[in-house]
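Geometric and topological summary
If you want the building blocks of each chain, they are given just below.
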Amino acid sequence: MMMVMQPEGLGAGQDPFAGGGGGEYMEQEEDWDRDLLLDPAWEKQQRKTFTAWCNSHLRKAGTQIEDIEEDFRNGLKLMLLLEVISGEGTRQGHRDLGPGGAMAGDSGRSQVLERAWWGWGNLGRLPRPDKGKMRFHKIANVNKALDFIASKGVKLVSIGAEEIVDGNLKMTLGMIWTIILRFAIQDISVEETSAKEGLLLWCQRKTAPYRNVNVQNFHTSWKDGLALCALIHRHRPDLIDYAKLRKDDPIGNLNTAFEVAEKYLDIPKMLDAEDIVNTPKPDEKAVMTYVSCFYHAFAGAEQAETAANRICKVLAVNQENEKLMEEYEKLASELLEWIRRTVPWLENRTGEPSMSAMQRKLEDFRDYRRLHKPPRVQEKCQLEINFNTLQTKLRLSHRPAFMPSEGKLVSDIANAWRGLEQVEKGYEDWLLSEIRRLQRLQHLAEKFQQKASLHEAWTRGKEEMLNQRDYESASLQEVRALLRRHEAFESDLAAHQDRVEHIAALAQELNELDYHEAASVNSRCQAICDQWDSLGTLTQKRRDALERMEKLLETIDQLQLEFARRAAPFNNWLDGAVEDLQDVWLVHSVEETQSLVTAHEQFKATLPEADRERGAILGIQGEIQKICQTYGLRLSPTNPYISLSPQDINTKWDTVRKLVPSRDQTLQEELARQQVNDRVRRQFAAQANAIGPWIQGKVEEVGRLAAGMMGSLEEQMAGLRQQEQNIINYKSNIDRLEGDHQLLQESLVFDNKHTVYSMEHIRVGWEQLLTSIARTINEVENQVLTRDAKGLSQEQLNEFRASFNHFDRKRNGMMEPDDFRACLISMGYDLVSDTQGEVEFARIMTMVDPNATGVVTFQAFIDFMTRETAETDTAEQVVASFKILAGDKSYITSEELRRELPAEQAEYCIRRMTPYKGSGAPAGALDYVAFSSALYGESDL
């Protein structure tokens, strides 16, 4: 009879260790007797291999076997072997198994991996062995061992404890092979294949890159020794120089592999090189047993490497996200600091006393708008893009959303920016109004100085004249003349009253407008007013004296009186004409200048009538001279009634005639200047009327693109990039418009009736357009990130976009909650209007609209539709990976991290892991469980 092993529940002929294949193992077992009889070399190979395999485990209990069929007869070492390889038995701790001690020097990780290799868990336990030496004691112990094997799901057929106790080599080898299969090979799994096929696939994968190696089985493929050397070199290239191996030296290759494996990998020598080479077909079971030791030796390292790679991947995601967070914080801080420094400058309303100083302030403001602010606009837009990209990466890696430091939210920056623009607009309005005020002040000051100079020139010597006492020695005729002369002076004085009042009004206006030289103006005005009061007092005093003398003096020359009466107002008219012709003006348009020209033309039309009046006045003087000549009178050459002479009238008349053409030229120059300003206005308006609608149309076009983009994301990105380039190319038009706007400001032109677009409107629209195209491009970039991370096809994205656009009723890139509910219902979600449906919809809304904005964006819609199918790392997976590196301990040390992880990742973990607080841990132990949970918890930033 022979021994057959078969797991519970499988039919006859089905091999449970061949990855679901046919009955290869059963066929091998049925031919057991024939194989041993026909090829004694196989018996020798199995005896040596199985003995070495058993000793590799028994030595952990401080013992070994010499003769496999003799040393297992009493069942004690057989039970000890099962206890060691399963980790289950009656001894304290199950590891202190003999005089040699328990796996001295093994790390915790080796224990974890050993349990994985041997299939611990949920298995039966070995009972205590019988200590008697009688045959029935031995049979009882062997039966206990066989029952334990059967408890592992292996069904033993046609095998009894008697054959083992009697030393039946064939049955003993078969039993040991069953143990090897169950505890060393069964749990090997590679790509859903297990046992023999899994082990073979593993060998093929590992040796595929090596020359002269082609593993197809577990007998002839290993005869030249190159396959074993390749397995060692693949995992430990430092132990073997594969390039120096020769295919024609099989014994040398095999012995090299055996020696290196025993010395460095703790795999005992289980085969003889000569037996392998000299046997046409080496024993498959012996080779499988030996090769499985390599799998177990290296599988632990691969498992640790896989765990380390998983940890490094998770840490790399966190490090990249933290870098993006730090960059956002830095950029936000710099932008906010710039706004904080700029706002006080724009809030400063301290005016300058002179027009040139205010012009410099205006030029500084233009430099700010043209040079300093545009880069900050780009920074603000880039900041929003970086924030959106970071949130997308965090969402895709199932990390919590990034919460910037207090005061550095995107909304905080937007509020600060709005505050900046409000202050900026107020500053520009203040600058322009202040310049207008200074311009008016300068005009009023010049007018005040001109009128004050004219008045002071007129009053010069008047006080001395009024203080004369010439009437005391005058004749009656002379007194009357003096009286009439004084009346003429009073008429002249009254005519100058308006001028004095005008001077006082100008001074008052200069004070109200806070003129910087108001003190000087006030001093001069006060002097004029004081002098005017003095002149009034003196005039009245002289009139009183002359009237007292009038009774004594009655003769007067009527002609001289007539001359005085007509010459005085004409002289005042001349003075007014000279004053008007020399008057300064302030105009802002062609129309205002044209009105001045018209008024001047009307004045010139009065000159013939004035010339006739001048001739009439001079005719009176001619009559006086004629009478004097006729009657031989010797009168004073001066008119007793007026100090004005005909020569004075002629001189002033000549002055007026000379000022008229000068005034003509000045007005024409001003008209030409205003016409130039009007041409610049029209030029600015023509450009602004073209640029404004263009910007508005582009903004609407980008909005339509954002709401209805179809085709692949790459095609959408290409289209958006082309739009962006077209917009950038249009910037030269904005620059030309800025140039015309600067010309208008330098010419102090502040209004433009030819357009409704101001430079501020154009700037705001341009910044809105740049921001809109940048945000739309960023949305597509985030969709690319989502597509790549979620593994979406272009057809899926198109379907998502079509569904979203269909229910985006307002066509603004967002769905209202009712529209979103209708969209979900159309896609098969059960959201009927009952309590359960409302609860489910409320749950979904918290996922797609966590901030309760009341709308669902396209990005949130895509995240929701793909969230449950995404494959992402979890905190539990990271904990499991660290547990492998820690050797199944609940803590890990710095030395273990530095040994298992790359230097950068190891130091990253050491800096952030908190000390382990559990009992029994060495000093410096670190808590990897809390650290792994924190990776998926709230960010420290």
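It should be emphasised that the depicted structure is a prediction, and the values quoted were computed from it without experimental measurement.

1. Focus on the overall build of the protein
From N to C terminus, the protein includes 35 helices and six strands. By the burial criterion, 48% of the 941 residues in the protein qualify as buried. Taking the contacts inside the protein whose residues are at least 6 apart along the sequence as the reference set, 76% of them involve residues at least 24 apart. When the accessible area of the protein is evaluated, it comes to approximately 45900 Å², of which 50% is carbon and sulfur surface.

2. Looking at the packing of aromatic side chains
Applying the stated criterion to the full structure yields 29 aromatic pairs. Taking the centre distance of 6.1 Å and the plane angle of 0° together, the rings of Trp458 and Phe489 count as stacked. Here Phe489 lies in helix H18 (residues 476-495) and Trp458 lies in helix H16 (residues 410-459), a separation of 31 residues in the sequence. Owing to a relative accessible area of 10%, Trp458 belongs among the buried residues under this scheme. Looking at Phe489, the relative accessible area reads 7%, which means it is buried.

3. Quick notes on the packing of helix H15 (residues 355-396) against H16
In a pair of packed helices, the angle between the axes and the distance between the axes together describe the arrangement. Close contact between H15 and H16 brings their axes to 11 Å; oriented N to C, the two are set at 165°. Regarding the angle of H15 to H16, the classification is roughly antiparallel. In this structure, the crossing between H15 and H16 has a hand that is left-handed.

4. Regarding empty space enclosed by the protein
Under the counting rule described, the total for this entry stands at eight cavities of 30 Å³ or more. Looking at the second largest cavity, it is lined by ten residues, and the ones nearest its centre are Leu713, Gln716, Gln783, Leu797 and Arg801. Looking at the lining of the second largest cavity, the elements with two or more residues in it are helix H25 (713-729) and helix H28 (794-807). With four residues, H28 is the largest single contributor of residues to the lining of the second largest cavity.

5. Concerning the nonpolar core
Membership of the largest hydrophobic core comes to 82 residues, with the highest contact counts inside it found for Trp53, Ile176, Ile179, Trp222 and Phe294. Of the residues forming this core, the biggest block, twelve residues, is contributed by helix H9 (residues 169-185). Apart from residues no more than four positions distant in its own chain, Trp222 is found in contact with Cys203, Val215, Asn217, Ala227, Leu228, Leu231, Leu254, Ile276, Val287 and Val291. Among the nonpolar cores identified, the runner-up in size contains 46 residues, and Ile339, Tyr427, Ala452 and Ile528 belong to it.

6. Section: the confidence of the model for the protein
Keep in mind that low pLDDT regions are not for reading the predicted coordinates in detail. Of the residues in the protein, 85% reach a pLDDT of 70 or more, and the chain-wide mean stands at 80. Confidence over residues 1-38 falls short of pLDDT 50; this stretch has 85 contacts with residues more than four positions distant or in other chains. Long-range and interchain partners of residues 552-556, a stretch whose pLDDT sits below 50, account for 19 contacts in this model, where long-range means more than four residues apart.

7. Section: the side chain of Thr289
Note on placement: Thr289 falls in helix H14 (residues 284-347). What Thr289 contacts, discounting residues up to four positions off in sequence, is Thr49, Phe50, Trp53, Trp177, Ile180 and Met270.

8. A few points about the packing of helix H10 (residues 195-207) against helix H11 (residues 226-235)
Orientation of H10 relative to H11, taken along the N-to-C sense of each, is 70°, at an axis distance of 9 Å. Overall, the two elements H10 and H11 adopt an arrangement that is roughly perpendicular. When the axes of H10 and H11 are compared, the crossing they make is left-handed. In this structure, H10 contributes Trp202, Cys203, Arg205, Lys206 and Thr207 to the contact, and H11 contributes Ala227, Ala230, Leu231, Arg234 and His235.

9. Things to note about the environment of Phe448
Note on placement: Phe448 falls in helix H16. In this structure, the C-alpha to C-alpha distance between Phe448 and Arg524, residues 76 residues apart in sequence, is 9.9 Å. With residues up to four places along the chain from it excluded, the contact list for Phe448 reads Ile503, Leu506, Ala507, Leu510, Val521, Arg524 and Cys525.

10. Side note on H16
The end-to-end C-alpha distance of H16, which contains 50 residues, comes to 72 Å, matching closely the 74 Å that a straight helix rising 1.5 Å per residue would cover. Downstream of H16 by a residue or two, Gly461 has a phi angle that is positive, lying close to 85°.

11. Brief notes about unusual backbone geometry
Of note in this structure, His398 is not a glycine but carries a positive phi near 60°. One can find His398 in the loop between H15 and H16. Given a relative accessible area of 36%, His398 falls into the partly exposed group. With a phi angle near 55°, Ala852 is a residue other than glycine that sits in the positive phi range. Looking at the element boundaries, Ala852 is found in the loop between helix H30 (835-848) and strand S6 (856-857).

12. Overview of the pattern of salt bridges
Per the stated rule, a full pass over the model turns up 59 salt bridges. Linking Arg236 and Asp238 is a salt bridge whose minimum nitrogen-to-oxygen distance equals 3.0 Å. Owing to a relative accessible area of 29%, Arg236 belongs among the partly exposed residues under this scheme. Among the residues examined, Asp238 registers a relative accessible area of 55% and is labelled exposed. Of the charged contacts, one joins Glu384 and Lys380 as a salt bridge, the two residues approaching to 3.3 Å between their closest N and O atoms. Taken together, the residues span about one helical turn, with Glu384 and Lys380 both in helix H15 at a distance of four residues. The same class applies to Glu384 and to Lys380, which are both buried. The structure contains a network of salt bridges with shared partners spanning Arg369, Lys373, Glu421, Glu424, Glu738, Glu760, Arg763 and Glu767.

13. Re the environment of Arg565
Inspection of the secondary structure puts Arg565 in helix H21 (residues 558-581). On the basis of relative accessible area, Arg565 is assigned to the exposed category, the value being 53%. As a C-alpha pair, Arg565 and Ser491 span 74 residues in sequence and 9.1 Å in three-dimensional space.

14. Considering the side chain of Asp575
Inspection of the secondary structure puts Asp575 in helix H21. Note on Asp575: relative accessible area 18%, which makes it buried. Beyond its immediate stretch of four places on either side in the chain, Asp575 contacts Arg499 and Lys652.

Rules used throughout
Residues numbered from 1 in each chain as written. Predicted model: local features only at pLDDT ≥ 70, side-chain atom pairs only at ≥ 80, totals over all residues. Heavy atoms only, no water. Helix = DSSP H or I, 4+ residues; strand = E, 2+ residues; numbered from the N terminus. Buried < 20%, exposed > 50% of the residue type's maximum accessible area, 1.4 Å probe, protein only. Contact = heavy atoms within 4.5 Å. Areas by Shrake-Rupley, 256 points an atom, 1.4 Å probe, with all protein chains shown as cover. Phe/Tyr/Trp six-rings, centres within 6.5 Å; stacked < 30°, edge-to-face > 60°. Axes fitted to C-alpha atoms, helices over the stretch in contact; angles between N-to-C directions. Parallel < 35°, antiparallel > 145°, perpendicular 65-115°, else oblique. Left-handed = near helix turned anticlockwise from the far one by under 90°. 1 Å grid on protein atoms, 1.4 Å probe; cavity = no way out; pocket = protein on both sides within 12 Å on 5 of 7 lines; lining within 4 Å. Points joined across faces, edges and corners; volume = space filled by probe spheres on them. Core = buried A, V, L, I, M, F, W, Y, C linked by side-chain atoms within 4.5 Å. pLDDT = per-residue confidence, 0-100. Expected span 1.5 Å × (residues − 1). Salt bridge = Lys/Arg side-chain N within 4 Å of Asp/Glu carboxyl O.

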